[in-house]
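Working through the structure, step by step
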Amino acid sequence: MKYLPMRVMLAAWAVCLVAVLCPPGLAQQPSSVNPTAQSVKEQELLKELRKIEGRGSIPDTKSYVIQQPAGRDWRQFHEVTLHWIGGIAILGMLVVLVAFYLVRGMVRLESGRSGRTLVRFNAFERFVHWMTAVCFITLAITGLNITFGKELLLPYIGPQAFTEWSQWAKYAHNYVSFPFTLGVVLIFLTWIAWNFPTPTDVRWMRQGGGIVGHAHPPARRFNAGQKMIYWLVVLIGGTMALSGYILMFPFYETDISQMQTAQMVHAIAGVIFVAIMLAHIYIGTIGMEGAFEAMGSGRVDVNWAREHHSLWLEKQIAKGRIEEPPTPQGKPAPAE
Amino acid sequence: MARMKFLCDADRCIECNACVTACKNEHEVPWGINRRRVVTINDGKPGERSVSMACMHCTDAPCAAVCPVSCFYTTADGVVLHSKDLCIGCGYCFYACPFGAPQYPRVGNFGSRGKMDKCTFCAGGPEADLSQSEYEKYGSNRLAEGKLPLCAEMCSTKSLLAGDGEIIAQIFKERVIKRGYSSGAWGWQTAYKETVAI
């Protein structure tokens, strides 16, 4: 066995000592350490992404978003913008209708009643109309309650009563939406045949429909104004149903910003729908003599039909659909 | 009067989730509801940070503003609480909240979410302090006992701070100055419209 020189052994021992005393990492690290050099910074993330998201350890994936200030924009919409849109649309429409009534008054049946009537809407059509109408009024009141109730109702009935009512209203709103949607679909299918625009509608519009002036422009079963109401009900009603069902089944296919968008669409379309329906209710009741009975009893006077739907009346006469008034007690009128 | 706030020092959070567990246990929070959670950003990458987040008890709280039945109120300590007797479970507070704090017992088809539940800053609810009904609806009321929220009190790295906003901001500030770096006072700008100036 060869003898190692003492100097070599000492050198080896010194190397081992250095290796043990100094952890390998330390020798490689720079002298100044900045642990945040690559770290995320809250304000930078917010500026870049508008929301901060990460990984969580609970099943609720919504909770992985830790900050999304977009909720404040939605708040601004819900508490300020929507109040203005709703207030202007609904109150504005009421003001216009009252002013119009004061200036124009009820559109009279100028030729008086003939006593002879004809069927305007059959039982099925009236059922569809009134089912949708009752649902609409329920949905409108319970819907407006969500936006305006805390200002218009809560101060007068107190928090406990208001919560009772609002809880009930919320469920009514959700469940009545089903017959309402069915109603919109049935309206669409029942009346679509008469609601395509025709050249007659242009003439009708030019003459102000006989509402603004005193003309009696010819019209078929539905005039241009009614056709507009029809399409608005179909389109806005469809929008309401679609956005409403997204809200009713939250977070299935949507994230929070889409939920906010759905609520905004639902709310804006809703207040506009209410404003339009106020005009519809006006012209169907106090706005025009003889109009309500079309949807009430389903029968209208021949003179009413002549003034407002002359082309339709001609066809009905040709088909022999006019009914004479029943003579009182079946006695023939004196021949004097 | 103190203005109570939370502050999560993300540079100290080790994602142990003890704050989450403490909260669930202290208030007997039902399965599916998480008043507090820990979220990790850039998970597994350099610069990863974890943040413990719950209701931040905002100044001018958005949840309170959008609530259709006005069931929220702010206590003298600046804690945002709500009444489960008045809540109708519409879900609007969740849409407005910047921090995803409001929780509901059920998914919510047909508007059946149930009464909203969220972090109370361990301050109970509108019922009488420390009453049985308060405990059943909102959990324990540590503030009424003179204690701070349990999540922050038992945080092992003292990453999560809870208490008077000025005091916790001062603690955070001293730390940041001493160690020389910070990823920010998470959520402060959004919740309180101010941040901790270093």
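Keep in mind that what you see is a predicted model, and the values were worked out from it rather than measured.

1. What about the overall build of chain B?
Counting its regular elements, chain B contains seven helices and six strands. Seen in sequence order, chain B has helices and strands lined up from the N terminus as β-α-β-β-α-β-β-α-α-α-β-α-α. The C-alpha radius of gyration computed for chain B amounts to 17 Å, which stays within 12% of the reference 16 Å derived for 198 residues, consistent with globular compactness. By its C-alpha atoms, chain B is 50 × 40 × 30 Å across when sized along the principal axes. With 198 residues in all, chain B has 51% of them scored as buried.

2. Notes on unusual backbone geometry
All names here are of chain B. With phi around 50°, glutamate 28 is a residue other than glycine that occupies positive phi space. With respect to the element layout, glutamate 28 can be found in the loop between helix H1 (18-27) and strand E2 (36-41). If you check the backbone angles, serine 70 has positive phi at about 50° while not being a glycine. Looking at the element boundaries, serine 70 is found in the loop between helix H2 (62-66) and strand E4 (72-74). In this structure serine 70 comes out as partly exposed when scored by C-beta crowding, with 19 C-beta atoms within 10 Å.

3. Some words on helix H9 (residues 224-248) of chain A
Residue and element names in this part refer to chain A. Counted at 1.5 Å a residue, the expected span for H9 with its 25 residues is 36 Å, and the 35 Å between its end C-alpha atoms agrees. Of all the residues in H9, the buried ones are Gln226, Lys227, Val233, Gly237, Met240, Ser243, Gly244, Ile246 and Leu247. Looking at the buried residues of H9, the elements they touch are helix H7 (159-191), helix H8 (199-206) and helix H10 (256-284).

4. A few points about the nonpolar core
Counting 71 residues, the largest nonpolar core has Cys93 and Leu160 of chain B as its most contacted members. Contact partners of leucine 160 of chain B, with chain neighbours within four places excluded, come to Phe6, Cys8, Cys19, Ser52, Cys151, Ala152 and Cys155 of chain B. Formed by 12 residues, the second largest nonpolar core is a distinct cluster that contains Val107, Met288, Ala294 and Val300 of chain A.

5. A closer look at the environment of lysine 319 of chain A
Residue and element names in this part refer to chain A. Among the structural elements, lysine 319 can be located in the segment after helix H13 (310-318). Among the residues examined, lysine 319 registers 9 C-beta atoms within 10 Å and is labelled exposed. Put simply, lysine 319 and glutamate 110 are 209 residues apart on the chain and 25 Å apart in space, counted from C-alpha to C-alpha.

6. Some thoughts on the pairing of strand E6 (residues 160-164) of chain B
All names here are of chain B. The element E6 is extensively covered by neighbouring structure, given that four of its five residues are classed as buried. Relative to E6, strand E1 (residues 4-8) is paired through five bridges, and the arrangement is antiparallel. Each residue of the ladder has a partner; that of leucine 7, found in E6, is leucine 161.

7. Thoughts on the interface of chain B and chain A
Taken together, the contact pairs 40 residues of chain B with 49 residues of chain A. Element by element, the count of residues in the side of chain B that touches chain A is highest for E2 of chain B, at four residues. Of the residues contributing to the side of chain B that touches chain A, the split by class is 21 nonpolar, 16 polar and three charged.

8. A closer look at the packing of H7 of chain A against H9 of chain A
Residues and elements named next belong to chain A. Remark: H7 packs on H9, axes separated minimally by 10 Å, with the N-to-C direction vectors making an angle of 150°. Classified by the angle their axes make, H7 and H9 are roughly antiparallel. Crossing geometry of H7 relative to H9 is assigned as left-handed. Contacts between H7 and H9 pair Asn174, Ser177, Thr181, Val184, Ile187, Phe188 and Trp191 from the former with Tyr230, Val233, Val234, Gly237, Gly238, Ala241, Gly244 and Met248 from the latter. The residue makeup of the contact of H7 with H9, split by class, is nine nonpolar, six polar and no charged.

9. Structural notes on the pairing of E1 of chain B
Buried residues dominate E1 of chain B, accounting for five of its five residues. Burial of E1 of chain B is two-sided: the residues Met4, Phe6 and Cys8 of chain B facing one way and the residues Lys5 and Leu7 of chain B facing the other way are all buried.

10. Some words on the environment of threonine 239 of chain A
Residues and elements named next belong to chain A. With respect to the secondary-structure elements, threonine 239 resides in helix H9. Since 17 C-beta atoms lie within 10 Å of it, threonine 239 is described here as partly exposed. Each C-alpha atom, one on threonine 239 and one on glycine 270, is 9.2 Å from the other, the two residues being 31 residues apart in sequence. The residues contacting threonine 239, other than those within four sequence positions of it, are Val265 and Ala269.

Reading the values: rules and limits
Along each chain, residue indices are assigned from 1 in the same order as the chain's sequence is written. Chains carry letters from A onward and ligands carry numbers from 1 onward, assigned in written order. Given that this is a predicted model, residues contribute local features only at a pLDDT of at least 70 and side-chain atom pairs are listed and counted only at 80 or more, while totals for whole chains, interfaces and linings are drawn from all residues. Only DSSP runs of H or I reaching four residues or more are called helices, and only runs of E reaching two or more are called strands; each is numbered from the N terminus. For this measure, only C-alpha atoms enter the radius of gyration; the expected value for a globule follows 2.2 Å times N^0.38, where N is the number of residues. Residue burial here comes from a neighbour count, namely the number of other C-beta atoms, placed from the backbone, that lie within 10 Å of the residue's own C-beta, with 20 or more meaning buried, 12 or fewer meaning exposed, and in between meaning partly exposed. What a helix is expected to span follows from its residue count: subtract one and scale by 1.5 Å. A pair of residues counts as a contact when their C-beta atoms, built from backbone coordinates, are within 7 Å of each other. Here, a nonpolar core denotes buried Ala, Val, Leu, Ile, Met, Phe, Trp, Tyr and Cys residues that are linked to one another through C-beta atoms within 7 Å. Paired strands are those between which DSSP finds at least two bridges. When residues are grouped by polarity, Ala, Val, Leu, Ile, Met, Phe, Trp, Tyr, Cys and Pro land in nonpolar, Asp, Glu, Lys and Arg in charged, and all others, Gly among them, in polar. Each axis is a line fitted through C-alpha atoms, and for a helix only the stretch in contact is used; angles between axes span 0 to 180 degrees, taken between their N-to-C directions. Every angle not falling under 35 degrees, over 145, or within 65 to 115 is termed oblique; those three ranges are roughly parallel, roughly antiparallel and roughly perpendicular. Working rule for handedness: look at the near helix, and if it is turned counterclockwise from the far one by less than a right angle, call the crossing left-handed; if clockwise, right-handed.

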